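# Secondary and tertiary structure notes
Residue strings, one per chain:
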Amino acid sequence: MTQHLTGRTALVTGATSGIGAAIARTLGAAGAHVLVTGRDAGRGALVVDDIRKAGGSAGFEAVDLAAGADDLRAFAGRALSAAGGNLDILVNNAAVYPVGPTATMNDADTAGLLAVNVLAPHILVGALVPAMAERGHGTVVTVGSWMASVGTAYTALYSATKAAVEHLTRCWAAEYGPRGVRINTVSPGVTLTPGNEAHRPLLDQMTAATPAGRVAQPEDIARAVAFLVGDDARMIHGATLAVDGGITATRPS
Ligand SMILES: NC(=O)c1ccc[n+]([C@@H]2O[C@H](COP(=O)([O-])OP(=O)(O)OC[C@H]3O[C@@H](n4cnc5c(N)ncnc54)[C@H](OP(=O)(O)O)[C@@H]3O)[C@@H](O)[C@H]2O)c1
């Protein structure tokens, strides 16, 4: 990993597990100071330790992204202070994924899906990106999902939240891109994480006939994020980069 993010500060939501932890480690290895965030301080401390042991720089900031707009704006303020007043990179990675038949989804789950997956990125972008725009540079990546591109039974609202962040990304690119802030989505395919490893046989079955022929690892997604937030991606605005082993682009023949 090149040190192409040296001198930059990055906030990663949902960095205490899975894809977010891999993004935090990868941005740390690329030279960024990383704010690891999530609810679980114990798992957060492990990720911070990993980054420091690898020679990088990191800290932890606790947040419950479902806590409401005022709490999230207060968190954004704390995170900005912890970043030394300047945040260069925001990665909206955290999400929840309760699924099931539409008729039996409970109200708490549907509210949580909207709060964590859609409203939290919207509030954090509103709270943190204007300062990037004032300085004339910054990058945001929001983590979407292959499920935004195809209809799958029993995932309706989760998939719709991921379609929502893809389109928020396009609108934010139009809003902030002219002032120097690049905003994109990375759209993972089926990726093995602590959140789904109990279903490994199903994941293997879902990916067996894709071009990649296997599940993704969190690091596969993290490398794409590290590319998009770096200067090599300077002409990429409002894009959705599929890192999905070809599951959305192809059909088995
Ligand atoms: N794994 C896949 O196959 C796959 C495929 C496509 C897209 N994705 C997307 O990739 C991203 C990461 O997924 P993952 O599989 O790595 O999930 P994961 O292992 O379950 O991790 C989810 C992360 O989100 C955080 N989080 C959840 N609710 C939160 C809340 N209320 N407040 C603050 N943080 C919260 C968790 O932190 P705490 O527990 O510490 O709060 C955790 O760090 C998500 O956006 C997901 O939709 C995953």
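Where an unreviewed UniProt entry is consulted, the protein appears under the name Short-subunit dehydrogenase, with the organism given as Paractinoplanes brasiliensis. Recorded in UniProt for the protein, the comment headed Sequence similarities (unreviewed entry) runs: "Belongs to the short-chain dehydrogenases/reductases (SDR) family."

### As for the layout of surface pockets
Volume-wise, the largest pocket comes out at about 1300 Å³. Ala95, Tyr97, Tyr158, Thr193 and Gly195 are, among the 44 residues lining the largest pocket, the residues nearest its centre. Contributing elements (two or more residues each) for the lining of the largest pocket: α1 (18–29), α5 (156–176) and α6 (200–207).

### Considerations on the pairing of strand β2 (residues 33–38)
Counting buried positions along β2 yields five of six residues, so the element is predominantly enclosed. Once you follow strand β1 (residues 9–12) into α1 and on to β2, the crossover reads as right-handed. For the crossover from β2 across helix α2 (residues 41–53) to strand β3 (residues 57–62), the handedness is right-handed.

### Section: the site of the ligand
Lining the immediate surroundings of the ligand are 32 residues, of which Thr16, Arg39, Asn93, Tyr97 and Tyr158 lie closest. Residue Thr16 places a side-chain N or O atom 2.7 Å away from an oxygen atom belonging to the ligand. At 2.8 Å, a backbone N or O of Thr191 approaches an oxygen atom of the ligand. In isolation the ligand has 890 Å² of accessible area, and contact with the protein removes 92% of it. Counting residues per element, the ones that place at least two in the shell around the ligand are α1 and α5. By residue class, the composition of the shell around the ligand is 14 nonpolar, 13 polar and five charged.

### Describing unusual backbone geometry
Backbone geometry places Tyr154, a non-glycine residue, at a positive phi of 75°. Among the secondary structure elements, Tyr154 is positioned in the loop between β5 (138–143) and α5. Accessibility expressed as a relative area gives 55% for Tyr154, which makes it exposed.

### Here we look at the nonpolar core
Ile23, Leu27, Val34, Val36, Val91 and Val186 are the most contacted members of the largest nonpolar core, which totals 33 residues. The set of elements that each furnish at least two residues to this core consists of β1, α1, β2, α2, β4 (89–92), β5 and α7 (218–228). Core analysis: the next-biggest nonpolar cluster, separate from the first, contains 29 residues, Val63, Phe75, Val165 and Val181 among them.

### Observations regarding the environment of Ala120
Among the structural elements, Ala120 can be located in helix α4 (residues 107–135). We classify Ala120 as buried; its relative accessible area is 1%. Sequence separation between Ala120 and Ala131 is 11 residues; the distance between their C-alpha atoms is 18 Å.

Rules of the game
Residues numbered from 1 in each chain as written. Predicted model: local features only at pLDDT ≥ 70, side-chain atom pairs only at ≥ 80, totals over all residues. Heavy atoms only, no water. UniProt positions renumbered as here; feature names shortened; annotations may be inferred. 1 Å grid on protein atoms, 1.4 Å probe; cavity = no way out; pocket = protein on both sides within 12 Å on 5 of 7 lines; lining within 4 Å. Points joined across faces, edges and corners; volume = space filled by probe spheres on them. Helix = DSSP H or I, 4+ residues; strand = E, 2+ residues; numbered from the N terminus. Buried < 20%, exposed > 50% of the residue type's maximum accessible area, 1.4 Å probe, protein only. Right-handed = clockwise from strand over helix to strand, strands pointing away. Near = heavy atom within 4 Å. Polar contact = N/O pair within 3.5 Å; in protein donor to acceptor, adjacent residues only side chain to side chain. Areas by Shrake-Rupley, 256 points an atom, 1.4 Å probe, with all protein chains shown as cover. Nonpolar A, V, L, I, M, F, W, Y, C, P; charged D, E, K, R; others polar. Core = buried A, V, L, I, M, F, W, Y, C linked by side-chain atoms within 4.5 Å.

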